[in-house]
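What follows is each chain in one-letter form.
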Amino acid sequence: MKIAVIGSTHAGTAAITNMAKKYPDATINVYEKNDNVSFLSCGIALHVGGVVKDPNGLFYSSPDELMKLGVNMFMQHEVTNIDVESKTLVAKNLINNEIVEDTFDKLVLTTGSWPVIPPIEGISMDNVLLCKNFHHANTIIDKAKTAERIVVVGAGYIGIELVEAFEMSGKDVTLIDGEERILSKYLDEAFTDVLEEDFKNRGVKLALGESVTRFKGVENKVTAVETSKGLYEADLVILCIGFKPNTDLVKGQIHMLENGAIKVDDYMRTSNKDVFAAGDSCAIRYNPTGEHAYIPLATNAVRMGTLVAKNLLKPTIRYMGTQGTSGIKIYDQNIATTGLTETTALRMGMNVKSITIYEHDRPEFMPTYEDIQIKVVYEEDTKRIVGAQVMSKVDVTQSINTLSVCIQNNMTTEELGFVDFFFQPHYNKPWNFLNQAGLQAMS
């Protein structure tokens, strides 16, 4: 059996490692256009902020490690053409421009995603940077050394974390986003209000509800960002607008969503039985809605890559879907979210209600305790839980993993009210705050 793998970040590395062990007699050819594999891009802001001193720690595998498993690694080779029906591919060696032609019995597409780059005037200037891979991280750190005024465009996770890192480094920071709130895809207003106030108190300028219209500069170096509402001076701009799937190579050959994300079934199979896909190039079942959705997260990627290996020859282990569970720490606030926000659910036309609990993490007779804010979103008719968010200065983010399982298993708020949680005064109250959310939703 001859297997071709295109791309080797999270999903690719997981698929390659497991396939090499499961099918030792197979020929596995891996094509990767970068000079590294397995880079944890979610650690870029920690590296920029100096929390992670050694960027090499953000890699959990290497080409050498994969080759030791008997895999053929074609590093810095960009695949330029794939013919799914004839099972052939063409790749270009980016070092010497040599063309490589290959065939396969099974194709694994783990091509990942790439930052959205809108056609804005001046976007190609030297100091307008992307934030995705290892080389981007090093460039950002290098250019930030001499930059005093930094503009971050995009108020998702990566953008928010970079704003925090730059502010804590003493930079003059502006955050621009077309939405009226930061983290609007992940959190409802009561949560983002707290974070926005924290940023403002620390001197970060929030330019929300504004779209970038032009990057102004001198001698190909950015000097300002022009938006629909203002002008913001800048020595450095970081684009964190979002990601799109890298799937042009197979466009028109397998089924995709409108954004180009490859639709896979519960066994990571595409519409072609010999083509599998995993990671940020894919659309997978989103349990809160039951529909395919594009959820580019490293956690999804490693699970999907592992399942490719398990299901390559026959359907064996079913993917349980995703809730898009994620977490972030901004200054003193520990935040986690799973499933739909109430805002998103209502926008989708779902009939939902929510319950928000303000509670302490421990009994008030203890020497210290902290505030917890948790929100659970559920269908009004069925009481099925479809989303949740939590925020506190104490780390209670694991509660969102619990609620992720609840969503995955179609649990209701009534069931949540009576789940068996332990009590110990050092950690919680006799009625766990998750129980309280379920109970109060019943009243």
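Residues numbered from 1 in each chain as written. Predicted model: local features only at pLDDT ≥ 70, side-chain atom pairs only at ≥ 80, totals over all residues. Heavy atoms only, no water.

Draft legend 1. Layout of the sheet that holds strand β24 (residues 352-360). Across the sheet, which stays open at both edges, the five strands sit in the order β22-β23-β26-β25-β24 with antiparallel pairing between neighbours. The open sheet has two edge strands with one neighbour each: β22 (326-330) and β24. Ignoring strand direction, the axes of neighbouring strands in this sheet form an average angle of 10°. Along the sheet, helix α6 (residues 189-201) contacts β22, β23 (333-339), β24, β25 (371-379) and β26 (385-392); its crossing angle with β26, the most-contacted strand, is approximately 30°. Along the sheet, helix α11 (residues 433-442) contacts β24 and β25; its crossing angle with β24, the most-contacted strand, is approximately 140°. (Pairing = 2+ DSSP bridges. Helix = DSSP H or I, 4+ residues; strand = E, 2+ residues; numbered from the N terminus. Axes fitted to C-alpha atoms, helices over the stretch in contact; angles between N-to-C directions. Contact = heavy atoms within 4.5 Å.)

Draft legend 2. Quick peek at the side chain of N133. Mapped onto the fold, N133 is located in the loop between β9 (128-130) and α4 (134-144). Classification of N133 by relative accessible area gives buried; the value is 15%. From its side chain, N133 meets the backbone nitrogen of H135 in a polar contact 3.2 Å long. Residues within four places of N133 in sequence aside, it is in contact with N34, F39, I44 and W114. (Buried < 20%, exposed > 50% of the residue type's maximum accessible area, 1.4 Å probe, protein only. Polar contact = N/O pair within 3.5 Å; in protein donor to acceptor, adjacent residues only side chain to side chain.)

Draft legend 3. Focus on the nonpolar core. Counting 47 residues, the largest nonpolar core has M19, I28, I82, L89, L109 and V308 as the members making the most contacts within it. Ignoring sequence-local partners within four residues, the contact set of M19 consists of I3, V5, I28, V108, V308, A309 and L312. Counting residues in hydrophobic clusters, the runner-up holds 40 residues, among them F39, I44, A137 and V204. (Core = buried A, V, L, I, M, F, W, Y, C linked by side-chain atoms within 4.5 Å.)

Draft legend 4. Here's a closer look at the pattern of salt bridges. Applying the stated rule across the entire model yields 18 salt bridges. For R149, the salt bridge identified is with E233, shortest N-O distance 2.6 Å. Taken as a pair, R149 in strand β10 (residues 149-153) and E233 in strand β15 (residues 231-233) lie far apart in primary sequence, 84 residues in all. On the accessibility criterion, E233 (52% relative accessible area) is exposed. It is possible to trace a salt-bridge network through shared partners that takes in K87, K106, K273 and D274. (Salt bridge = Lys/Arg side-chain N within 4 Å of Asp/Glu carboxyl O.)

Draft legend 5. Molecular detail of the packing of aromatic side chains. Per the counting criterion, the structure on display carries six aromatic pairs. Here the aromatic rings of Y31 and F74 are separated by 4.7 Å at their centres, their planes lie at 15°, and the arrangement is stacked. Taken together, the residues Y31 in strand β2 (residues 27-32) and F74 in strand β3 (residues 72-75) connect sequence positions 43 residues apart. Y31 gets classed as buried once you look at its relative accessible area, which sits at 1%. Aromatic side chains F422 and Y427 sit 6.1 Å apart centroid to centroid with 70° between the ring planes, which places their arrangement in the edge-to-face category. The ring of W114 has K33 sitting right over it, with the charged end atom 5.7 Å from the ring centre. The positively charged end of R202 is found above the aromatic ring belonging to Y331, 3.6 Å away from the centroid. (Phe/Tyr/Trp six-rings, centres within 6.5 Å; stacked < 30°, edge-to-face > 60°. Lys NZ or Arg CZ within 6 Å of the ring centre and 35° of its normal.)

Draft legend 6. Up close: a nonpolar patch on the surface. A cluster of nonpolar side chains, contributed by F418, W431 and M442, occupies part of the molecular surface with about 360 Å² of accessible area. As for its placement among the helices and strands, M442 is situated in helix α11. Its relative accessible area of 41% is what places M442 among the partly exposed residues. (Patch = residues over 30% accessible without salt bridge, like charges linked within 9 Å, V, L, I, M, F, W, Y side chains within 5 Å. Areas by Shrake-Rupley, 256 points an atom, 1.4 Å probe, with all protein chains shown as cover.)

Draft legend 7. Structural view of the pairing of strand β5 (residues 88-93). Inspection of the sheet shows strand β4 (residues 77-83) paired to β5 by six bridges, in the antiparallel sense. Pairing of I82 across the sheet is with L89, part of β5. Between β4 and the antiparallel strand that follows it, β5, lie four residues; K87 among them carries a positive phi value of about 55°. Summarising the sheet, β5 and strand β6 (residues 99-103) pair through five bridges and their orientation is antiparallel. Residue pairing for β6: K92 is matched across the bridge by I99.

Draft legend 8. Region of the structure containing the environment of K329. Position of K329 relative to the elements: it lies in strand β22. The sequence separation of K329 and I160 amounts to 169 residues, and the corresponding C-alpha distance is 9.9 Å.

Draft legend 9. Representation of α6 in the model. Spanning 13 residues, α6 covers 18 Å between terminal C-alpha atoms, matching the ideal 18 Å at 1.5 Å per step. For α6, the full list of buried residues reads F191, T192, L195, E196, D198 and F199. Looking down the long axis of α6, one finds its buried residues gathered within 155° of arc, a one-sided arrangement. Looking at the packing, one finds that the buried side of α6 touches α5 (157-168), β12 (205-208), β22, β23, β25 and β26. Immediately beyond the C-terminal end of α6, within one or two residues, lies G203, with a positive phi of roughly 90°. (Expected span 1.5 Å × (residues − 1). Arc of directions from axis to C-beta.)

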